[in-house]
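What follows is each chain in one-letter form.
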Amino acid sequence: MPAHTSKEAALRIDKVLNEFGRAPLHGTVLADSLSSSPEIVLAMLLDALIKARPISHELTRKTLAKLIQADYHDIDILSNSTWQDRTMVLQAGGYNRYREQCATNLGELAKLIVDKYDGDLNNLLKQANGKPDKAGLLLKEIKGMGDLAVEVFFNSAQSVWPRIAPSVDSRSLKTAGEIGIGTDLDGIYNTLDRDPMRMSWFANGLSEVRLEKRQDAIEGI
């Protein structure tokens, strides 16, 4: 097993976790009830689809909140929604630039989950035999799920799918290198006591540092 990171890097990891760490689905009503239920995993996927687009941090939060308010993390409700329904929900979230394409993608997403995974994305992980690389390939069969969206999904999903931990999206791992933590995922994971939930909070915390341009708050240690 790789050694832990340096003492200085460990202090920076702790600061990212405690000051910037965020639960998966932070800012939504689901953040306090995380589990591997089909609804939570689908909500994490919706979150990744939204965040992978080049739109503002605040807009992604607002849009996800609207999708969850509409219960689109329930595969039955998403499956029974019309294209117009989905367009209106996205518009209410201010998700305008990619609204029509996303409404189409959400409809195709629902069909794929029902047809291929019996309505439950946990079955995708089973088909992948718990292997992150294979799971990533299956996820990219979903319209709108490119490499970045898969990475963002893994940031959160590792909290309920421990077999894919440790995971940090490439943009945030670059931030970890820039602020003196380094990019050795196993070393970081060991420092976090190989706890998938803490790893998820840390990955999301790095995203906050990057998006809020708060690198100086960590580098000063």
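The rules behind these values
- Residues numbered from 1 in each chain as written.
- Predicted model: local features only at pLDDT ≥ 70, side-chain atom pairs only at ≥ 80, totals over all residues.
- Heavy atoms only, no water.
- Helix = DSSP H or I, 4+ residues; strand = E, 2+ residues; numbered from the N terminus.
- Expected span 1.5 Å × (residues − 1).
- Buried < 20%, exposed > 50% of the residue type's maximum accessible area, 1.4 Å probe, protein only.
- Contact = heavy atoms within 4.5 Å.
- Polar contact = N/O pair within 3.5 Å; in protein donor to acceptor, adjacent residues only side chain to side chain.
- Domains from an automatic or database assignment.
- Buried area = accessible area lost by both parts, 1.4 Å probe.
- Axes fitted to C-alpha atoms, helices over the stretch in contact; angles between N-to-C directions.
- Parallel < 35°, antiparallel > 145°, perpendicular 65-115°, else oblique.
- Left-handed = near helix turned anticlockwise from the far one by under 90°.
- Nonpolar A, V, L, I, M, F, W, Y, C, P; charged D, E, K, R; others polar.
- Salt bridge = Lys/Arg side-chain N within 4 Å of Asp/Glu carboxyl O.

With an unreviewed UniProt entry as reference, the protein chain is termed HhH-GPD domain-containing protein, source organism Penicillium vulpinum.

> Hey, could you run me through helix α12 (residues 196–211) in this one?
In an α-helix, one turn spans 3.6 residues, which is why side chains three or four residues apart end up on the same side. The terminal C-alpha atoms of α12, which comprises 16 residues, lie 23 Å apart, in line with the 22 Å expected from a rise of 1.5 Å per residue. All of the buried residues along α12 are P196, M199, S200, F202, A203, N204, G205, L206, S207, E208, V209 and R210. Residues of α12 that are buried make contact with α1 (7–20), α3 (57–69), α9 (147–157), α10 (170–178), α11 (185–191) and α13 (215–219). Near the N-terminus of α12, the side chain that reaches the backbone nitrogen of M197, with its oxygen 2.9 Å away, is that of D195. In the stretch just after α12, K213 is the one whose phi turns positive, near 55°.

> Looking at this structure, how should I read the environment of D85?
Counting through the fold element by element, D85 comes out in helix α5 (residues 83–92). Residue D85 is classed as partly exposed on the basis of its relative accessible area of 35%.

> Would you explain the side chain of S167 in this entry?
With respect to the helices, strands and loops of the structure, S167 is situated in the loop between α9 and α10. Residue S167 is classed as buried on the basis of its relative accessible area of 8%. Other than its neighbours up to four places away in sequence, S167 contacts E151, F154, N155, Q158, M199 and A203.

> Whenever I open this one, the domain arrangement of the protein chain confuses me. Can you help?
Under the domain assignment used here, the protein chain contains domain 1 (1–23 + 159–220) and domain 2 (35–149). Spacing between the C-alpha centres of domain 1 and domain 2 amounts to 25 Å. Contacts between the two partners involve ten residues from domain 1, matched on the other side by 14 residues from domain 2. For the pair domain 1 and domain 2, the summed buried area comes to about 1,100 Å², and 65% of that belongs to carbon and sulfur atoms. Considering only the side of domain 1, the residues that lose the most area to domain 2 are V160, W161 and R163, jointly responsible for 56% of the buried surface there.

> Looking at this structure, how should I read the packing of α3 against α5?
Any two packed helices are characterised by the angle at which their axes cross and by the distance between the axes. Packing of α3 against α5 leaves a shortest axis separation of 8 Å and a crossing angle of 140°. Our classification of the angle between α3 and α5 gives oblique. Regarding α3 and α5, the two cross each other, and that crossing is right-handed. On the side of α3, the interface is formed by K62, T63, K66 and L67, while α5 contributes V89, L90 and A92. Classifying every residue of the contact of α3 with α5 by side-chain character gives four nonpolar, one polar and two charged.

> Is there a simple way to explain the side chain of H57 in this structure?
By secondary structure assignment, the location of H57 is in helix α3. The class for H57 is buried, based on a relative accessible area of 19%. Side-chain polar atoms of H57 contact the side chain of E208, separated by 3.0 Å.

> Is there a simple way to think about the pattern of salt bridges in this case?
It is possible for side chains of opposite charge to pair when their charged atoms get near one another. For the structure shown, the criterion picks out ten salt bridges. The salt bridge partner of R61 is E208, with a shortest N-O separation of 2.7 Å. Remark: E208 occurs in helix α12 and R61 occurs in helix α3; sequence separation between them is 147 residues. Classification of R61 by relative accessible area gives partly exposed; the value is 30%. For E208, a relative accessible area of 8% translates into the label buried. The salt bridge partner of K116 is E141, with a shortest N-O separation of 2.5 Å. Note that K116 is positioned in helix α6 (residues 99–117) and E141 in the loop between α8 (132–139) and α9, a separation of 25 residues in sequence. For K116, a relative accessible area of 33% corresponds to the partly exposed category. Given the relative accessible area of 42%, E141 is considered partly exposed. Three or more residues joined by partner-sharing salt bridges are found here, namely R22, R61 and E208.

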